[in-house]
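# An overview of the molecular structure
Here is how the chains run, residue by residue.
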Amino acid sequence: MDTAFRLTCREMDVLQLLARGCTYIQIGDRLGVSLHTVESHVKNVYRKLEVHSARAAVWRAAELRLFGEINGMPFTAHGEAS
């Protein structure tokens, strides 16, 4: 499964905000979408990453290096450059 290519840009936006500890309401406000839309994106992310929680989604995304790099260092599952 090539998960990196299966997440949409908006799903990545939601995942990155989850990694920063944002609530669904905060994510909706920042992205200008409804709570229902955020829930839909989160559900899709969980399904595609084969996880059941935000913490697991962030961890899996970090393992798959979906967050890329910060200052030339890989983004870790703890939300910071290693």
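Let me begin by describing the structure that accompanies this report. Just so we're clear, the structure is a prediction, and the values are computed from it rather than from any experiment.

### Things to note about the overall build of the protein chain
A tally of helices and strands in the protein chain yields four helices and two strands. Taken from N to C terminus, the helices and strands of the protein chain fall in the order α-α-α-α-β-β. Taking all 82 residues of the protein chain together, the buried fraction comes to 34%. The contacts in the protein chain between residues at least 6 apart in sequence include a share of 40% that link residues at least 24 apart. Surface accessibility of the protein chain: about 5,300 Å² in total, with carbon and sulfur atoms responsible for 51%.

### Points about the nonpolar core
L7, L15, I27, L49, A57 and F67 are the most contacted members of the largest nonpolar core, which totals 21 residues. Listing elements by their share of this core, those giving two or more residues are helix 1 (9-19), helix 2 (24-31), helix 3 (35-49) and helix 4 (54-63). Setting aside chain neighbours within four positions, we find I27 in contact with V14, L17, L18, C22 and V38.

### Overview of the environment of T8
Relative to the helices and strands, T8 is located in the segment before helix 1. Relative accessible area serves as the criterion here: at 36%, T8 is assigned to the partly exposed category. Along the chain, T8 and V45 lie 37 residues apart, while their C-alpha atoms are 9.1 Å from each other.

Analysis parameters
Residues numbered from 1 in each chain as written. Predicted model: local features only at pLDDT ≥ 70, side-chain atom pairs only at ≥ 80, totals over all residues. Heavy atoms only, no water. Helix = DSSP H or I, 4+ residues; strand = E, 2+ residues; numbered from the N terminus. Buried < 20%, exposed > 50% of the residue type's maximum accessible area, 1.4 Å probe, protein only. Contact = heavy atoms within 4.5 Å. Areas by Shrake-Rupley, 256 points an atom, 1.4 Å probe, with all protein chains shown as cover. Core = buried A, V, L, I, M, F, W, Y, C linked by side-chain atoms within 4.5 Å.

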